[in-house]
Structure formats: C-alpha cells, structure tokens
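# What the coordinates show
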Amino acid sequence: MPTIEFEGETLEANTGDDLRRTLLDAGLTPHNGKAQYTNCHGNGICGTCAVEIVAGEVADPTKKERRRLRFPPHSPDSGLRLACQLQIEDDLVVRKHPGYWGQNIEHDEP
C-alpha cells in the first residue's frame, strides 16, 4: 500500500486511486484558497490541483493533463502535475505551491 507525504501528513493510499481524491478523503486539499470550492471536481480542466511530485514514480501525464498544463498560468515545463489526473502507484512526496493554481514555484520560501 503506497504512502503519500503531503503538508506534514503521511497517509496510506490504494494503488490506482487518484491523488486528488485520496487527499480530499483524508481531509487534505490539493487546492489553495477559494480554489477549494471553485474547481472542476477532478475533470482535469481547471488546473487548480497542480502539485509538485518531489519524490516517487508517477506515470507520464495524460493527454487531458498535458493539454491543461499548456495554458497559463501553467507551463508544460514547470514540472507540476494535476493531482486529479495522477494515479497512485508508488510512495509519493507531494508539495503544493502558492497561488490560486499552485503555480508560484519561484515564490516559495526556502
């Protein structure tokens, strides 16, 4: 059973579950601020659940995920992934960055 480390919490996950739903079920959120309430609910079109996979193996992005991450404020070379499109297959360390879409990587404090 894979584990997910996110915002100081460690939780167990089921292999094959999506990261967004796993976090939400544990009372955590891959969304910042009002994006917790105004998001696409896992359809891969809003981009507000973008996270960084700090450690662990994940599959290549889905077509839907690649398409969304090409639109601003995201960038396909940012390294971010959509939690709603990520299936858990391995232990993961996940980080959420600031900004409505979690896109402010360069503004993080050390």
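About the thresholds
Residues numbered from 1 in each chain as written. Predicted model: local features only at pLDDT ≥ 70, side-chain atom pairs only at ≥ 80, totals over all residues. Heavy atoms only, no water. Salt bridge = Lys/Arg side-chain N within 4 Å of Asp/Glu carboxyl O. Helix = DSSP H or I, 4+ residues; strand = E, 2+ residues; numbered from the N terminus. Buried < 20%, exposed > 50% of the residue type's maximum accessible area, 1.4 Å probe, protein only.

Naming follows an unreviewed UniProt entry, where the protein chain appears as (2Fe-2S)-binding protein of Natrinema ejinorense.

## What to know about the pattern of salt bridges
As enumerated under the stated definition, the model contains two salt bridges in all. Taking the shortest distance from any N to any O, the salt bridge between D25 and R21 comes out at 3.0 Å. Of the two residues, D25 and R21 both sit in helix α1 (residues 19–25), four residues apart, roughly one turn of that helix. With a relative accessible area of 58%, D25 lands in the exposed category. Residues E65 and R81 are paired through a salt bridge, measuring 2.7 Å at the closest nitrogen-oxygen approach. Pair noted here: E65 is in helix α2 (residues 63–69) and R81 is in strand β4 (residues 80–82), with a separation of 16 residues, a long-range link. Assigned by exposure class, E65 and R81 land together as buried.

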